[in-house]
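Listed below are the residues making up each chain.
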Amino acid sequence: MRPSKQRSWAEPYKIKMVEPVKMTSRKDREKFINDAGYNTFLLRSDDVYIDLLTDSGTSAMSDQQWAGMMLGDEAYAGSRNYYNLEDAVRKYYGYRYLVPTHQGRAAEHLISQIMIREGDMIPGNMYFTTTRLHQELAGGQFVDVIIDEAHDPESEHPFKGNVDLQKLEDLIKKAGADRIPYVSIATSVNMAGGQPISLENLRALRELTQKHNIPIIHDMTRVAENAYFIKMKEKGYDDMPVVAIVREICDLTDGATMSAKKDALVNIGGFLAVNDKEIFEEARNLVVVYEGLHTYGGLAGRDMEAMARGISESVQDDHIRARVGQVQYLGDKLIEWKVPVVRPIGSHGVFLDARKILPHMSQDQFSAQALAAELYLDSGVRSMERGVVSAGRNPESGEHNYPSLEMVRLTIPRRVYTQAHMDVVAESVAEVYENRKRIRGLKMVYEPKYLRFFQARFEPL
Ligand code: PM9
């Protein structure tokens with residue numbers, strides 16, 4: 001007899017092709033992580049069992065997307081797949097003008113070069129590594145205006161991606177609206193733990209920024225996941241399909257950068273989309289310098305076709321429920337086992353709270369980096385540091401930026417792993433947590449200038 005009337009859900013797809021994964025011994029992994037300088041980015045993927053490094057470019061494409069790859073029109077100019085992509089962007093997101101790019105950071109580069117002048121301030125709902133770097137390289141300074149709750153891993157605020165409007169107003173008063181080229185708004189805020197912004201907050205933000213004539217540029221990398229949280233948590237949206245909520249979010253903004261490697265279910269691709277014709281003309285001009293012609297932006301025709309189809313799949317309720325549901329499943333298990341994680345569980349990954357797990361270690365000993373290495377040693381599960389290493393250095397003082405959140409991200413690729421994989425991951429995290437007192441800190445022995453988390457090397461203290 002089943003214990004209750006509860007009905008389980010399952011993924012809205014079945015598996016047609018499989019890719020074997022390799023199991024390794026602890027002895028092997030000791031060598032591999034040592035060779036990788038205790039940086040999970042420097043491991044070979046062949047030496048990883050379950051890869052939760054990132055949800056970026058790691059999705060399983062559908063049969064429809066693969067079929068679309070065969071319909072790639074590889075003309076240099078005016079590929080039919082570009083027009084299919086333009087149609088999808090207009091239909092689902094509503095932005096008027098499209099410039100494809102090879103991935104998200106290329107779109108960030110274009111918009112930063114076009115809109116930011118030396119000395120400008122760019123307020124945003126928490127920094128993202130590549131976004132902030134491009135703002136800085138264009139002469140701007142990022143200013144965090146997210147609500148305080150976003151910096152508190154234990155706060156159960158349902159919309160930790162919200163903007164603190166008072167912080168923004170204070171900044172406008174201090175800097176002057178003419179020194180703020182745009183407000184940078186991410187949906188499903190990555191560095192806060194995949195936390196959503198509410199439509200109510202976005203609407204209020206829109207009102208405030210319009211008063212001062214400041215545009216909103218939307219980092220829409222995980223917009224569908226944010227929309228799903230609005231459906232689940234915000235009053236008045238439970239009956240609205242995700243596709244409509246996505247459109248409502250986009251309509252409250254003036255343009256967007258997109259890493260299609262996440263929400264949009266492709267292995268490569270991105271774009272800049274704007275409503276302003278002049279900005280579009282400039283972007284179209286710049287893209288030919290850095291990416292390729294404005295109708296392919298560094299992508300093959302087949303990549304654009306997969307993206308167009310991926311966008312349409314990404315906003316379907318069944319898909320997004322299963323995607324976010326799998327992340328929640330892993331998160332709930334860890335919460336049940338009392339492992340400290342960022343609450344509420346976000347949309348694309350479970351974020352371990354390294355400060356709480358390793359209270360004997362300071363941020364100068366790179367506790368999250370050490371925890372990620374330990375998890376790999378335990379089971380071959382690859383995760384990612386999202387703490388002081390990712391936060392980089394202050395470009396003026398040269399000091400480490402010390403973020404309040406020191407985390408290890410277990411990022412779930414879309415449509416790739418099963419519930420059994422999640423169980424294996426949870427059990428390994430629990431084992432590492434039980435033995436946490438044995439974990440030692442690290443020292444950084446090599447530090448690249450930009451985005452150091454990708455290539456930095458460490459040694460055990
Ligand atoms: N995000 C991620 O793993 C991949 C590289 S950084 C470790 O989370 C947002 C919100 C992102 C993002 C990438 C980019 C850049 C922009 N905004 O990686 O250049 O999460 O396509 O996008 C990564 P690209």
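Each chain carries its own residue numbering, running from 1 in the direction its sequence is written. Totals for whole chains, interfaces and linings use every residue, but because this is a predicted model, local features are given only for residues with pLDDT of at least 70 and side-chain atom pairs only at 80 or more, for both listing and counting. For side-chain calculations, the full set of non-hydrogen atoms in the structure is used, while hydrogens and water are omitted.

Caption draft 1: The arrangement of the packing of aromatic side chains in detail. In summary, the pairing rule links any two rings of Phe, Tyr or Trp, Trp by its six-membered ring, whose centres are within 6.5 Å, and it sorts them by plane angle into stacked for under 30 degrees, edge-to-face for over 60 and tilted for everything else. For the coordinates displayed, the defined rule picks out eight aromatic pairs. Residues Phe366 and Phe458 carry aromatic rings whose centres are separated by 5.3 Å and whose planes lie at 70° to one another, so their mutual orientation is edge-to-face. Note that Phe366 is positioned in the loop between helix H13 (354-357) and helix H14 (367-379) and Phe458 in strand S14 (residues 457-460), a separation of 92 residues in sequence. Each member of the pair Phe366 and Phe458 is classed as buried. Secondary structure elements are taken from DSSP: a helix is a run of H or I of four residues or more, a strand is a run of E of two residues or more, and numbering for both begins at the N terminus. Relative accessibility decides the category of a residue: with a 1.4 Å probe and only protein chains considered, values under 20% of the type maximum give buried, values over 50% give exposed, and everything between is partly exposed.

Caption draft 2: Region of the structure containing the sheet that holds strand S9 (residues 349-353). Two strands are counted as paired when DSSP detects at least two bridges linking them. The three strands lie next to each other as S9-S12-S11, forming an open sheet whose pairing is antiparallel. Bordering the open sheet on either side are S9 and strand S11 (384-386), each of which pairs with just one other strand. On average, each strand axis in the sheet is tilted by 35° relative to the strand beside it, whichever way the strands run. In this structure, S11 lies alongside strand S12 (residues 407-411), joined through three bridges in antiparallel fashion. By the bridge assignment, Glu385 is partnered in S12 with Val408. Two residues qualify as a contact provided that any one of their heavy atoms is within 4.5 Å of a heavy atom in the partner residue. Lines fitted to C-alpha atoms define the axes, with helix axes restricted to the stretch in contact, and inter-axis angles between N-to-C directions lie between 0 and 180 degrees. The strands touched by helix H12 (residues 317-336) are S9 and S12; relative to S9, the strand with the most contacts, the crossing angle is about 25°.

Caption draft 3: Structural context of the pattern of salt bridges. When a carboxyl oxygen of Asp or Glu lies within 4 Å of a side-chain nitrogen of Lys or Arg, that pair is called a salt bridge. In total, this model carries 31 salt bridges according to the counting rule given. Of the charged contacts in the structure, one is a salt bridge between Arg26 and Glu374, with a shortest N-O distance of 3.8 Å. With Arg26 in helix H1 (residues 26-35) and Glu374 in helix H14, this pair connects stretches of sequence that are 348 residues apart. Classification of Arg26 by relative accessible area gives partly exposed; the value is 37%.

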